[in-house]
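Reading the structure
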Amino acid sequence: MNNGDFQVLKLRIDWGDQDLLGHVNNVSIIRYLQAGRVNFMERIGLPAFSGMKTGPIEAATEIQFRKQLHFPGNVEVHTKVREVKNTSIILDHLIFDDSGELAVSAMEVIVHFDFVRQCKIPLTDDIRDNIKRISCV
C-alpha cells in the first residue's frame, strides 16, 4: 500500500513486545523498523536471505522515540526513500499508533553489499528503476 510516497505496513503490537515498565520495548521498535525495511527492500528487488552473494546491509540507524506505545494495539510503519546514492539507499520511517499519533521517527542507511568480496557495490539499474516506480525520488 502506498500513502503518498510512503509504503505502509500495518503490524500488531504483541504482548511480548512490552518491557517491565508496560510499554513497547525499544528492541521491539527496531523490529518494527526492520519489518518496514524488509518489506520495502523486497518491493524494490533487493531482498535479504541466507546464502546471498549480494544484498542489502544496514549501515546506520537513527531513532527518535516520540511517544510510548502499549499493548494491546497496532502500529503503522511508513517507509520511504529519502535519497539514493551510488551504493546506498537512505530510508525514512515513521511509526504511528492506533490513534494516528507519531510515536517514532527513524532514518536508516542501507548499503548494497557483495558478501563474497566483502565490499559495497553500486545499486543496479533494475533496483534504481524499481525505486523510481514506487517512490517519488
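Our structure's up above, just so we're on the same page.
**Here we look at the overall build of the chain**
Within the chain, the secondary structure is distributed over 2 helices and 7 strands. Ordered by position in the sequence, the α and β elements of the chain form the string β-β-α-β-β-β-β-β-α. Relative to the 2.2 N^0.38 estimate, which gives 14 Å for 137 residues, the radius of gyration of the chain is 16 Å and therefore close to what a compact globule would have. Seen through its C-alpha atoms, the chain measures out along the principal axes to roughly 45 × 30 × 20 Å. For the chain, with 137 residues in total, the buried portion stands at 42%. Taking the contacts inside the chain whose residues are at least 6 apart along the sequence as the reference set, 65% of them involve residues at least 24 apart. Accessible surface, the chain as shown: approximately 7700 Å² in total, 51% of it carbon and sulfur. When the 16 positive and 18 negative side-chain charges of the chain are each reduced to one mean point, those points stand 5 Å apart.

**Some remarks on the pattern of salt bridges**
On inspection of all chains with the given rule, the structure shows 10 salt bridges. Residues Glu 76 and Lys 10 are paired through a salt bridge, measuring 3.7 Å at the closest nitrogen-oxygen approach. Of this pair, Glu 76 sits in strand β4 (residues 73-84) while Lys 10 sits in strand β2 (residues 6-13); the two residues are 66 residues apart in sequence, bridging distant segments of the chain. By relative accessible area, which is 27% here, Glu 76 ends up partly exposed. Taking the relative accessible area as the measure of exposure, Lys 10 reaches 56% and is therefore exposed. For Asp 114, the salt bridge goes to Arg 117, with nearest N and O atoms at 3.3 Å. Given the relative accessible area of 56%, Arg 117 is considered exposed. Connected through shared salt-bridge partners, Arg 37, Glu 58 and Glu 108 make up one network.

**Quick word on helix α1 (residues 26-43)**
The end-to-end C-alpha distance of α1 is 26 Å, a good match for the 26 Å that 18 residues give at a rise of 1.5 Å each. For α1, the complete set of buried residues consists of Ser 28, Ile 29, Tyr 32, Leu 33, Gly 36, Arg 37, Phe 40 and Met 41. Tucked inside the fold, the buried residues of α1 contact β2, β3 (54-65), β4, β5 (88-96), β6 (102-114) and α2 (125-134). With a side-chain oxygen lying 2.7 Å from the backbone nitrogen of Val 27, the N-terminal cap of α1 falls on Asn 25.

**Looking at α2**
Among the residues making up α2, those that are buried are Ile 127, Ile 131 and Ile 134. For α2, the buried positions fall inside an angular range of 80° around the axis, keeping them on one side. Facing away from the buried side of α2 by over 90 degrees, the exposed positions are Asp 125, Asp 126, Lys 132 and Arg 133.

**Observations regarding the layout of surface pockets**
Regions of empty space are outlined by a rolling probe, equal in size to a water molecule, passed over the atoms. Estimated volume of the largest pocket: approximately 160 Å³. Listing elements by their share of the lining of the largest pocket, those giving two or more residues are α1 and β3. Here the element with the most residues in the lining of the largest pocket is α1; it accounts for 4 residues.

**Brief notes about the environment of Leu 46**
Relative to the elements of secondary structure, Leu 46 occurs in the loop between α1 and β3. For the pair Leu 46 and Asn 130, spaced 84 residues apart in the sequence, the C-alpha separation amounts to 9.7 Å. If sequence neighbours within four positions are ignored, Leu 46 has contacts with Met 41, Gly 55, Pro 56, Ile 89, His 112, Leu 123 and Ile 127.

Thresholds applied
- Residues numbered from 1 in each chain as written.
- Predicted model: local features only at pLDDT ≥ 70, side-chain atom pairs only at ≥ 80, totals over all residues.
- Heavy atoms only, no water.
- Helix = DSSP H or I, 4+ residues; strand = E, 2+ residues; numbered from the N terminus.
- Rg over C-alpha atoms; globule rule 2.2 N^0.38 Å.
- Buried < 20%, exposed > 50% of the residue type's maximum accessible area, 1.4 Å probe, protein only.
- Contact = heavy atoms within 4.5 Å.
- Areas by Shrake-Rupley, 256 points an atom, 1.4 Å probe, with all protein chains shown as cover.
- Lys, Arg positive; Asp, Glu negative; His and termini not counted.
- Charge placed at Lys NZ, Arg CZ, Asp CG, Glu CD.
- Salt bridge = Lys/Arg side-chain N within 4 Å of Asp/Glu carboxyl O.
- Expected span 1.5 Å × (residues − 1).
- Polar contact = N/O pair within 3.5 Å; in protein donor to acceptor, adjacent residues only side chain to side chain.
- Arc of directions from axis to C-beta.
- 1 Å grid on protein atoms, 1.4 Å probe; cavity = no way out; pocket = protein on both sides within 12 Å on 5 of 7 lines; lining within 4 Å.
- Points joined across faces, edges and corners; volume = space filled by probe spheres on them.

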